[in-house]
Amino acid sequence: MSPLNSRLVRVTFAGPELDGLVVREPGASIRLLLPPRDASELVIPIWRGNEFLLPDDVKPTIRTFTPSLMEATSRQLKLDVVLHGNGVASEWAANARVGDSAAVSGPGRGYTITTNASDYLIGGDESAIPAIRQLLVAMPTSIPTRVCIEVTSLDVRVDLVHADHVSVDWLASTPGAPPGTALADAAIAAPIAPDTRVWIAGEAAAVQRVRRHLFAEREFPRTQATIRGYWKHGRAGTAD
Ligand SMILES: Cc1cc2nc3c(=O)[nH]c(=O)nc-3n(C[C@H](O)[C@H](O)[C@H](O)COP(=O)(O)OP(=O)(O)OC[C@H]3O[C@@H](n4cnc5c(N)ncnc54)[C@H](O)[C@@H]3O)c2cc1C
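One numbering rule holds for all chains: residues counted from 1, following each sequence as written. At least 70 in pLDDT is required for a residue's local features to be given in this predicted model, at least 80 for side-chain atom pairs to be given and counted, and no such filter applies to totals for whole chains, interfaces and linings, which use all residues.

Further remarks concern the domain arrangement of the chain. Here the bounds of each domain stem from an automatic or database domain assignment. Here the chain is described as being made up of domain 1 (2-108) and domain 2 (119-238). The straight-line distance from the C-alpha centre of domain 1 to that of domain 2 is 24 Å. Taken residue by residue, the interface counts 14 residues in domain 1 and 14 residues in domain 2. Those elements that place two or more of their residues in the side of domain 1 that touches domain 2 are strand 6 (61-65) and strand 7 (76-82). Classification convention: Asp, Glu, Lys, Arg as charged; Ala, Val, Leu, Ile, Met, Phe, Trp, Tyr, Cys, Pro as nonpolar; all other residues, Gly among them, as polar. Here the side of domain 1 that touches domain 2 is built from residues that sort into five nonpolar, six polar and three charged. It is the C-beta atoms, placed from the backbone, that decide contacts: two residues are in contact if theirs lie within 7 Å. We count a stretch as a helix when DSSP gives it H or I for four or more residues in a row; a strand needs E for two or more, and each element gets its number in order from the N terminus.

Looking along the chain, the bond that leaves Gly106 and enters Pro107 is cis, with omega of 5 degrees. With respect to the element layout, Pro107 can be found in strand 8 (residues 103-108). Backbone geometry places Asp57, a non-glycine residue, at a positive phi of 70 degrees. Tracing the chain through its elements places Asp57 in the loop between strand 5 (52-53) and strand 6.

Before going further, it helps to examine helix 4 (residues 204-217). Helix span, as expected, comes to 1.5 Å for every residue beyond the first. The end-to-end C-alpha separation of helix 4 is 19 Å, in line with the 20 Å expected for 14 residues at 1.5 Å each. Using C-beta atoms placed from the backbone, we call a residue buried if 20 or more other C-beta atoms fall within 10 Å of its own, exposed if 12 or fewer do, and partly exposed for counts in between. Looking only at helix 4, the buried set comprises Ala206, Val207, Val210 and Leu214. One face of helix 4 carries all of its buried residues, which in axial projection span an arc of 95 degrees. Among the exposed residues of helix 4, those oriented more than 90 degrees off its buried face are Ala216 and Glu217. It is the directions from the helix axis to the C-beta atoms whose arc is reported.

One finds Ile122, Ile132, Leu135, Ala187 and Ile200 to be the most contacted residues of the largest nonpolar core, which totals 31 residues. Broken down by secondary-structure element, the contributors of at least two residues to this core are strand 9 (119-124), helix 2 (129-138), strand 10 (145-151), helix 3 (181-189), strand 12 (196-203), helix 4 and strand 13 (225-232). For this core, the element with the highest residue contribution is helix 2, accounting for five residues. Ignoring any residue separated from it by four or fewer positions in sequence, one finds Ile122 in contact with Ile132, Leu135, Thr145, Val147 and Trp199. As used here, a nonpolar core is made of buried Ala, Val, Leu, Ile, Met, Phe, Trp, Tyr and Cys residues. They are joined through C-beta atoms within 7 Å. Within the second largest apolar cluster, 19 residues are counted, among which are Leu21, Ala28, Leu34 and Phe65.

See below:
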């Protein structure tokens with residue numbers, strides 16, 4: 001585990017077990033099985049007819065993260081995890097030591113960039129920074145790309161792509177407002193052309209507000225937007 005700043009840590013998994021894990025598309029996902037909060041040992045769940053459960057019938061702790069892009073033989077998987085202070089995965093990542101184990105499954109599909117888009121609007125919160133970084137690396141230089149990222153503090157800004165076709169607005173969370181308010185406000189106010197493509201991920205209720213605005217109020221085509229709840233305020237587990 002290595003800290004990237006006060007809110008993000010990078011956890012590196014290594015070993016021959018990762019042989020064959022291939023992640024080709026930006027913004028893909030993997031599922032991470034972690035030991036329960038009070039245990040250090042990983043227990044692999046078993047199939048109980050309609051769901052995987054631990055031997056004591058407890059649901060396993062599984063969370064979703066964005067894998068670094070991987071070759072079939074790289075045998076190293078890096079995840080950037082938000083230290084939000086209050087979740088099993090966040091606490092596990094903050095305290096991870098060399099030799100700790102977790103199980104990984106996936107990858108889940110990532111995002112295909114539309115090369116004939118007039119421009120891109122990309123938005124997210126801290127949990128979407130790993131995916132946004134990958135999208136920006138993959139974005140053709142011919143496509144103007146506007147990025148809005150909400151962070152709990154401007155100290156959490158990270159280095160993204162430096163390129164003329166990319167402009168990045170870092171937004172500090174609005175004090176006292178629900179998480180994602182600044183991001184949703186910025187996305188709703190952003191200019192959107194008929195051939196714009198939109199990719200947004202963050203807190204579920206905030207991105208739902210953007211969905212409603214784009215699809216119901218602006219009648220923006222659903223096929224041109226990917227909007228995902230990555231977590232839900234006040235609820236453990238992944239939102240989608
Ligand atoms: C496709 C996909 C990719 C994702 N990629 C990443 C990634 O690369 N890095 C990453 O950090 N997260 C990522 N997430 C989000 C991550 O899965 C959730 O944040 C998850 O809930 C974290 O688990 P936890 O055990 O730390 O917290 P949980 O036990 O799930 O939640 C405990 C409490 O913390 C709150 N909480 C959860 N996440 C956050 C947060 N980010 N900020 C503030 N409060 C929070 C919850 O509302 C709840 O009240 C991704 C989600 C999806 C669907």
